[in-house]
Amino acid sequence: MDVKGKLFTKFLERQKEYSQQQGQAAIEKQHAKGKMTARERIELLFDPDTFEEVDAFSVPAPAGGDFGKKVTAFGDGVITGFGKISGRLAFAFSQDFNVLGGSLGSVHAGKIAKVQDMALKVGAPLIGLIDSGGARIQEGVASLAGYASIFNRNVKSSGVIPQISVVMGPAAGGAVYSPSITDFVFMTNKTSYMFVTGPNVVKEVLNEDVSFDDLGGAIVHMKKSGVAHFVYEDEENTIRGVQKLLSYLPSNNLENPPFFEYCDTDLRVDERMRDIIPDDPNKPYDIKEIINLLIDRNSFFEVSAGYAQNLVVGFGRLRGKAIGIIANQPKVLAGTLDISSSVKGARFIRFCDAFNIPILTLEDVPGFLPGVDQEHNGIIRHGAKLLYAYADATVPKITVILRKSYGGAYCVMNSKNLGGDVNFAWPTAEIAVMGPEGAVSILYRKELLESKDPAKLKKELTARYREEIANPYVADDKGYIDEVIDPAVTRKKLITAFEALESKHISVPSRKHGNIPL
Ligand code: HXC
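Basis of the calculations
Residues numbered from 1 in each chain as written. Predicted model: local features only at pLDDT ≥ 70, side-chain atom pairs only at ≥ 80, totals over all residues. Heavy atoms only, no water. Helix = DSSP H or I, 4+ residues; strand = E, 2+ residues; numbered from the N terminus. Buried < 20%, exposed > 50% of the residue type's maximum accessible area, 1.4 Å probe, protein only. Contact = heavy atoms within 4.5 Å. Areas by Shrake-Rupley, 256 points an atom, 1.4 Å probe, with all protein chains shown as cover. Lys, Arg positive; Asp, Glu negative; His and termini not counted. Charge placed at Lys NZ, Arg CZ, Asp CG, Glu CD. 1 Å grid on protein atoms, 1.4 Å probe; cavity = no way out; pocket = protein on both sides within 12 Å on 5 of 7 lines; lining within 4 Å. Points joined across faces, edges and corners; volume = space filled by probe spheres on them. Nonpolar A, V, L, I, M, F, W, Y, C, P; charged D, E, K, R; others polar. Patch = residues over 30% accessible without salt bridge, like charges linked within 9 Å, V, L, I, M, F, W, Y side chains within 5 Å. Salt bridge = Lys/Arg side-chain N within 4 Å of Asp/Glu carboxyl O. Near = heavy atom within 4 Å. Polar contact = N/O pair within 3.5 Å; in protein donor to acceptor, adjacent residues only side chain to side chain.

Another point: the overall build of the chain. A tally of helices and strands in the chain yields 21 helices and 16 strands. Each principal axis of the C-alpha atoms in the chain carries an extent, and together these give about 105 × 55 × 45 Å. Of all 518 residues assigned to the chain, the portion counted as buried reaches 50%. When contacts within the chain are restricted to residue pairs at least 6 apart in sequence, those whose partners lie at least 24 apart make up 74%. Carbon and sulfur atoms form 56% of the exposed surface of the chain, whose accessible area is close to 24500 Å². Charge-centre separation for the chain: the mean point of 60 positive side chains lies 3 Å from the mean point of 63 negative side chains.

Below, the structure is given as structure tokens:
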């Protein structure tokens, strides 16, 4: 065989060795846990035959001494590369739990850092499929340095390319911090968990017994900590969820979100909108009914659906164009703003603003949630995050006040003077410093005390307050509201206004960065 032939044979042998290195037993071990292998996940995520792997033949760094097991496999436990998702370029890494528990050594980290750099350079999303026991213990400080280099790149890419983390097994120790810096975290119920210190450490240090699921399972992170934005019941649906999310996002901060061509072009006048708000101003209703009637059919994609449900956030489309929606939910805590919902809303607004996604605010909020717990845990600084995020956002911002809009919550929810571009109100809007009962009690305390029939007097004064103050017309007269509209034409009004705002441009003074109240 000539030299060229020998080289080619070696090339083919290496390819064969690589494709066969993961034995059937390892694949079955992963399947037995209800999980896919690292490669199966990549194959499902990308369009068929589009994935190009890089660094497949990387070999692990020699660890110091003989302590612990060594990796012998090519690739060092992570698949990295790029391909197309729904025809658009994306980069990804997928950790292989079958290689030392997907733990991160220096070569493994270097491979991830390389695709992070490539994704940032070309301006394409990066998706991390995570299944890892954290820093590879036997590589010592080199593993820690590897994590630090990934975090560093996550931060440099933040607001430039969308970064999505998909936790599909353990994410322990250092493995949790990269996801939490990225824009969105997906988890699969029952097979994934995230914690900084696991149940064994909790037992040792605090003598508390807790299961993996109760400490850091998907439901805990969806409902309690807010770490997980999306939770699905199996890995296939989790990956489908990632693909769906990407359909709303531009590839980078210099592009606009993709236009969805199979869109709902109907400007419909929808009379059902007039009936959703109950006659009794204190009766709840489901804001999602309004969202779904307003936006293109079946286009609502809720983010953090299980967390801080008093504020609904998510993506939708208006005539095929993506928008971010932030809406008070009167069905939960009467739609009040508390710490969790303020933080949830602020983070969502920051994302939309970074990636040129216009923001629609649907407002029905009686105020901030009162209470010792809220005050002591910092509703002042957390509520300020929402306020800051709205004021700082330069994308087109439209508000529709549906019903209550009282006090600080009026100011915060993208009011005109905070920077709202177009502010509508429905005839049912109640815009004032506070609700009728509270206002009457303060303004007429003496009269009510002295009255022979305080209940009757209070009722009369409350009715007068609604008539004279808590309505949309005072704000409309003063220009704080651009137009009071018939609920039935809201969709048309929004489409027209967002189209008018497409060329919105705001120049901001030069500064290193603002100081959001973290
Ligand atoms: C090296 C590891 C490893 C690690 C797991 N393995 N984690 N090897 N470094 N961090 C290996 C195991 O030795 C085992 O090898 C294989 O992976 C599978 O692990 P099992 O324990 O058998 O699997 P399972 O029972 O499913 O448990 C998974 C696990 C557990 C919960 C993730 O392995 C675990 O607790 N690992 C350590 C998690 C952790 O504390 N990480 C923090 C590291 S410190 P064999 O050959 O037997 O199959 C850190 C700090 C970074 O990350 C800080 C940055 C801010």
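On we go from here.
Time to look at the layout of surface pockets. Approximately 1600 Å³ is the volume found for the largest pocket. For the largest pocket, the lining is made up of 45 residues, of which S158, R347, R350, F351 and I516 are closest to its centre. Where the lining of the largest pocket is concerned, the elements lending two or more residues are helix 6 (177–181), strand 6 (184–188), helix 13 (339–354) and helix 15 (379–392). Here the element with the most residues in the lining of the largest pocket is helix 13; it accounts for eleven residues. Residue composition of the lining of the largest pocket, grouped by class: 21 nonpolar, 15 polar and nine charged.

The next point concerns a nonpolar patch on the surface. A grouping of F8, F11 and L12 is seen on the molecular surface, where their side chains present a nonpolar patch of about 310 Å² in accessible area. Structurally, F8 can be placed in helix 1 (residues 3–20).

What follows deals with empty space enclosed by the protein. Over the atoms rolls a probe the size of a water molecule, and its path tells where empty space is left. In the structure shown here, the tally under the stated rule is three cavities of 30 Å³ or more. At the level of secondary structure, the elements contributing two or more residues to the lining of the largest cavity comprise strand 3 (88–95), strand 4 (126–132), helix 5 (141–157) and helix 6. Here the residues of the lining of the largest cavity sort into eight nonpolar, three polar and no charged. By volume, the second largest cavity is sized at about 50 Å³.

Below, the discussion takes up the site of the ligand. Taken together, 19 residues are adjacent to the ligand, and K69, G101, G133, A135 and G174 come closest. A distance of 2.9 Å separates an oxygen atom of the ligand from a polar atom in the backbone of G101. Note that a nitrogen atom of the ligand is positioned 2.9 Å from one of the backbone N or O atoms of A135. Contact with the protein chains removes 57% of the 1000 Å² of surface that the ligand exposes when unbound. Of all the secondary-structure elements, those providing two or more residues to the shell around the ligand are helix 5 and strand 5 (163–172). Looking at side-chain class alone, the shell around the ligand contains ten nonpolar, seven polar and two charged residues.

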